[in-house]
Amino acid sequence: MAKTSEPTIIKKYANRRLYNTGTSTYVTLEDLAVMVKGEEDFVVYDAKSGDDITRSVLTQIIFEQEAKGTNLLPVSFLRQLIGFYGDSMQGLVPSYLEYSMTSLTKEQEKLRAQMTDAFGATAFDAIEDQVKRNTEMFERAMKMFMPFPTGEGAAAAAPGSEKKTAQPEASDLDDMKRQLEEMQKTISKLTDKP
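Keep in mind that this is a model prediction, so the values were computed, not measured.

Draft legend 1. Structural detail: the layout of surface pockets. By volume, the largest pocket is sized at about 2400 Å³. What lines the largest pocket is a set of 38 residues, and nearest its centre among them are Leu58, Ile62, Leu72, Leu73 and Met101. At the level of elements, helix 1 (29-37), helix 2 (54-67), helix 3 (75-84) and helix 4 (93-145) are the ones that each hand at least two residues to the lining of the largest pocket. With ten residues, the top contributor of residues to the lining of the largest pocket is helix 4. Along the lines of polarity and charge, the residues of the lining of the largest pocket split into 21 nonpolar, ten polar and seven charged. Of the residues that make up the lining of the largest pocket, three or more belong to each of domain 1 (1-73) and domain 2 (74-144).

Draft legend 2. Layout of the sheet that holds strand 1 (residues 8-12). In spatial order, the strands read 3-2-1-4; together these four strands make up an open sheet with mixed pairing. The sheet is open, and its two borders are formed by strand 3 (25-27) and strand 4 (42-46), each paired with just one other strand. Across the sheet, the mean angle separating the axes of adjacent strands is 35° when strand polarity is ignored. Each of strand 1 and strand 4 touches helix 2; the most contacted strand, strand 4, lies at about 110° to it.

Draft legend 3. Focus on the environment of Leu29. Within the secondary structure, Leu29 is located in helix 1. Looking at Leu29, the relative accessible area reads 19%, which means it is buried. Taking the C-alpha atoms as reference, Leu29 lies 8.0 Å from Val57; in sequence the two are 28 residues apart. Those residues in contact with Leu29 that sit more than four places away from it in its chain are Leu18, Val57, Gln60, Ile61 and Glu64.

Draft legend 4. Up close: the nonpolar core. Counting twelve residues, the largest nonpolar core is built from Ile10, Leu18, Val27, Leu29, Leu32, Ala33, Met35, Phe42, Val44, Ile53, Val57 and Ile61. Secondary structure elements with two or more residues in this core: helix 1, strand 4 and helix 2. A total of four residues in this core trace back to one element, the largest contributor, which is helix 1. In this structure Met35 touches Thr8, Asn20, Glu40 and Phe42, once residues within four positions along its chain are discounted.

Quick notes on the rules
- Residues numbered from 1 in each chain as written.
- Predicted model: local features only at pLDDT ≥ 70, side-chain atom pairs only at ≥ 80, totals over all residues.
- Heavy atoms only, no water.
- 1 Å grid on protein atoms, 1.4 Å probe; cavity = no way out; pocket = protein on both sides within 12 Å on 5 of 7 lines; lining within 4 Å.
- Points joined across faces, edges and corners; volume = space filled by probe spheres on them.
- Helix = DSSP H or I, 4+ residues; strand = E, 2+ residues; numbered from the N terminus.
- Nonpolar A, V, L, I, M, F, W, Y, C, P; charged D, E, K, R; others polar.
- Domains from an automatic or database assignment.
- Pairing = 2+ DSSP bridges.
- Axes fitted to C-alpha atoms, helices over the stretch in contact; angles between N-to-C directions.
- Contact = heavy atoms within 4.5 Å.
- Buried < 20%, exposed > 50% of the residue type's maximum accessible area, 1.4 Å probe, protein only.
- Core = buried A, V, L, I, M, F, W, Y, C linked by side-chain atoms within 4.5 Å.

Shown next as structure tokens:
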């Protein structure tokens, strides 16, 4: 759907289904998240009462993303945010957060460009790949410390079935340390430049 000056109207029904009046289709929270990322403006109304419930639906999208393991909000930030409810500073927090996020969004492209210039596109991709590998290795290491497997992998993680893959080899750790030191040196060089 083409972007227009008017926000798309989404209606939420009692059965929790969301209806996009612009496309005449039912949508999910994931669809709304894609719309947000695509910078498509929308407003969500309760179909029965007509109340604007956009804020609660956006909060629900954040909750769903956090529940999937895409943790963007640190626990300390969430605690501080909760602490502002009912505080005398409560009125200032929304405008401050909005200003901060707007600034971050503006600087995001500059940061990406600087990283690409400094490391090159392939080096930037290599750093992302390394972060993914490090995360996977960390997850495997954490599984060693879990006394009982949980979730979907519980049946597959019978005692003794993951002994070889769960323990990272010493050479992998040494390689990670070396790569981390190289990245720290590169970052130090970048920050030392005027």
